[in-house]
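Residues per chain, in single letters:
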Amino acid sequence: MDDLDFSAKPSAPVRTPAADPGAKGEAASLYDPKLALAFFRLAGTLEQFPAGQQIFVENEKASGFFSKGARIYLLLDGDVTLTLKGKPLELVLPGEIFGEMAAIADIPRSATATARKSCRVLSLDEKQFLGSLQQMPDFALMLMSVMAQRLRRGLARLAAAKKTATEVLEHRNTLDRKMLAELQHALGDPTPTSAAAGQTVVTKGAVGACMFVVTEGRIAISVDGTVIEHVGPGGAFGEMALVDRTGRSATATAESDSAWLLIGRNEFLAMVKSRPAFGIALMRSMSARVLHIGKLLGA
């Protein structure tokens, strides 16, 4: 599974897609422009936009996962500005992808993308994305590593802000019943691990060797005592530790009598490689968390 291992840092830092401004001095990104280009070349559609043309607009929403309005893009030439309510957010440069968060999370666009210079892009819709992912499942792991970095930055900022009350993300059905059954079978039909209400499942800062998929009950995810998320049946947590092999970023506690399936790193990598839908489900879950933390920080 070494071909799916992105835990090692690249020899030189590269920009991440939609990187947070002010992220200088942090660990080098795990985003690989060469891998992204190879992935988009498998099935991407070449598009050209003259200077000044909008590629997508904030709050734009089209029905369906990766529908026409929810394409993701890789910039080949030129540059693209991302703005929100007319204010600049970021400049996208060649080799970077953009538009991926809304497409993966199936939510309205959070910004407007405009060609600042005449540019060429490769774009992917749902069918093209799935086709490429079947051939290059390591792209899913790369995107998850980028999202994990975003989440860790966001959670660190949230802890520093010392918020005592926040909106809680309700997270369940990351894996539907069919996928959950397939996962359990692939793991050898183990008996789920259980815990009584009030029991701590993982502690912030601890070394993470597995991820969890909840089968019963509800797990509270908290940062320094403040609950930010509830994970119910079909929901997953702890995957960040498998992606980047760092410590737990939050504490998980059973709010009610609960049970879950444990997935080790080797099983995780095998599932990402053999079942593209599993990788997509986790990317969607992580995208929702990134957006939720961003919302809490902006509140």
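The preceding data block contains the structure.
Described below are features of the structure shown in this document. (Residues numbered from 1 in each chain as written. Predicted model: local features only at pLDDT ≥ 70, side-chain atom pairs only at ≥ 80, totals over all residues. Heavy atoms only, no water.)

Some thoughts on the overall build of the chain
Okay, step 1: A tally of helices and strands in the chain yields eight helices and 17 strands.
Okay, step 2: Summing over all exposed atoms, the chain offers an accessible surface of approximately 13600 Å²; the carbon and sulfur share of this is 53%. (Helix = DSSP H or I, 4+ residues; strand = E, 2+ residues; numbered from the N terminus. Areas by Shrake-Rupley, 256 points an atom, 1.4 Å probe, with all protein chains shown as cover.)

Focus: the sheet that holds strand S14 (residues 226-231)
Okay, step 1: Strand order across the open sheet formed by five strands is S9-S14-S13-S16-S11, with mixed pairing between neighbours. Either end of the sheet is taken by a strand with one partner, and the two such strands are strand S9 (169-171) and strand S11 (200-202). Strand-to-strand twist in this sheet, taken as the mean axis angle between neighbours without regard to direction, amounts to 30 degrees.
Okay, step 2: This element, helix H8 (residues 276-298), spans S9 and S14 of the sheet and lies at about 170 degrees to S9. (Pairing = 2+ DSSP bridges. Axes fitted to C-alpha atoms, helices over the stretch in contact; angles between N-to-C directions. Contact = heavy atoms within 4.5 Å.)

Let's talk about the pattern of salt bridges
Okay, step 1: Counted according to the given criterion, the structure contains 12 salt bridges.
Okay, step 2: A salt bridge links aspartate 79 to lysine 117; the shortest N-O distance between them is 3.8 Å. Of this pair, aspartate 79 sits in the loop between strand S3 (72-77) and strand S4 (80-84) while lysine 117 sits in the loop between strand S7 (112-115) and strand S8 (119-124), placing them 38 residues apart in sequence.
Okay, step 3: The buried category is assigned to aspartate 79, whose relative accessible area is 4%.
Okay, step 4: With its nearest N and O atoms 4.0 Å apart, the salt bridge here joins arginine 218 to glutamate 170. Highlighted residues: arginine 218 in the loop between strand S12 (210-216) and strand S13 (219-223) and glutamate 170 in strand S9, separated in sequence by 48 residues.
Okay, step 5: Judged by its relative accessible area of 32%, arginine 218 is partly exposed.
Okay, step 6: Judged by its relative accessible area of 53%, glutamate 170 falls in the exposed class.
Okay, step 7: Bridged by salt links that share partners, the residues Glu47, Arg71 and Asp125 form one connected network. (Salt bridge = Lys/Arg side-chain N within 4 Å of Asp/Glu carboxyl O. Buried < 20%, exposed > 50% of the residue type's maximum accessible area, 1.4 Å probe, protein only.)

Thoughts on the sheet that holds strand S17 (residues 258-264)
Okay, step 1: Strand order in the open sheet made by the four strands is S10-S17-S12-S15, with antiparallel pairing throughout. Of all strands in the sheet, those with a lone pairing partner are strand S10 (193-195) and strand S15 (236-237), marking the two edges.
Okay, step 2: In this structure, S10 lies alongside S17, joined through three bridges in antiparallel fashion. Looking at S17, one finds that threonine 193 is bridged to tryptophan 260.

Some remarks on the pairing of S7
Along any regular strand, the residues point their side chains to alternate faces of the sheet.
Okay, step 1: The two faces of S7 match: Thr112 and Thr114 on one face and Ala113 and Ala115 on the other face are all buried.
Okay, step 2: Sheet topology note: the S4/S7 ladder contains four bridges and is antiparallel. Across the sheet, the residue bridging to valine 80 is alanine 115, located in S7.

Some words on the nonpolar core
A general tendency of soluble globular proteins is for nonpolar side chains to be buried together.
Okay, step 1: Ranked by internal contacts, the top residues of the largest apolar core, which has 71 residues, are Met144, Ile219 and Phe268.
Okay, step 2: Of all the elements, helix H4 (residues 138-161) adds the most residues to this core, at 13 residues.
Okay, step 3: Ranked by size, the runner-up nonpolar core spans 13 residues in total, among them Ile55, Val80, Leu82 and Ala115. (Core = buried A, V, L, I, M, F, W, Y, C linked by side-chain atoms within 4.5 Å.)

Some details on the packing of aromatic side chains
Okay, step 1: Summed over all chains, the structure comprises 11 aromatic pairs.
Okay, step 2: Relative to phenylalanine 98, the ring of phenylalanine 56 has its centre 6.1 Å away and its plane inclined at 35 degrees; by these criteria the two rings are tilted. With phenylalanine 56 in strand S2 (residues 54-56) and phenylalanine 98 in strand S6 (residues 97-98), this pair connects stretches of sequence that are 42 residues apart. In this pair, the class of phenylalanine 56 matches that of phenylalanine 98, namely buried.
Okay, step 3: Consider the rings of phenylalanine 268 and phenylalanine 278, whose centres lie 6.5 Å apart with planes at 70 degrees: the pair is edge-to-face. Here phenylalanine 268, found in helix H7 (residues 265-274), pairs with phenylalanine 278, found in helix H8; they are 10 residues apart in sequence, far enough to count as distant.
Okay, step 4: Counting every residue linked through ring pairs, the aromatic cluster contains Phe39, Phe40, Phe129 and Phe139. (Phe/Tyr/Trp six-rings, centres within 6.5 Å; stacked < 30°, edge-to-face > 60°.)

As for the packing of H7 against H8
Okay, step 1: At a closest axis distance of 5 Å, the pairing of H7 and H8 adopts a crossing angle of 110 degrees. Of the possible angle classes, the one that applies to H7 and H8 is roughly perpendicular. Contacts between H7 and H8 involve Phe268, Met271, Val272 and Ser274 on the former and, on the latter, Pro276, Phe278 and Leu282.
Okay, step 2: Looking at the contact of H7 with H8, its residues break down into six nonpolar, one polar and no charged. (Parallel < 35°, antiparallel > 145°, perpendicular 65-115°, else oblique. Nonpolar A, V, L, I, M, F, W, Y, C, P; charged D, E, K, R; others polar.)

Thoughts on the pairing of strand S5 (residues 87-92)
Okay, step 1: The sheet contact formed by S4 and S5 spans five bridges and is antiparallel. If you follow threonine 83 over to S5, its bridge partner there is proline 88.
Okay, step 2: Here S4 hands over to S5 after two residues, with lysine 85 in that stretch at a positive phi of 55 degrees.

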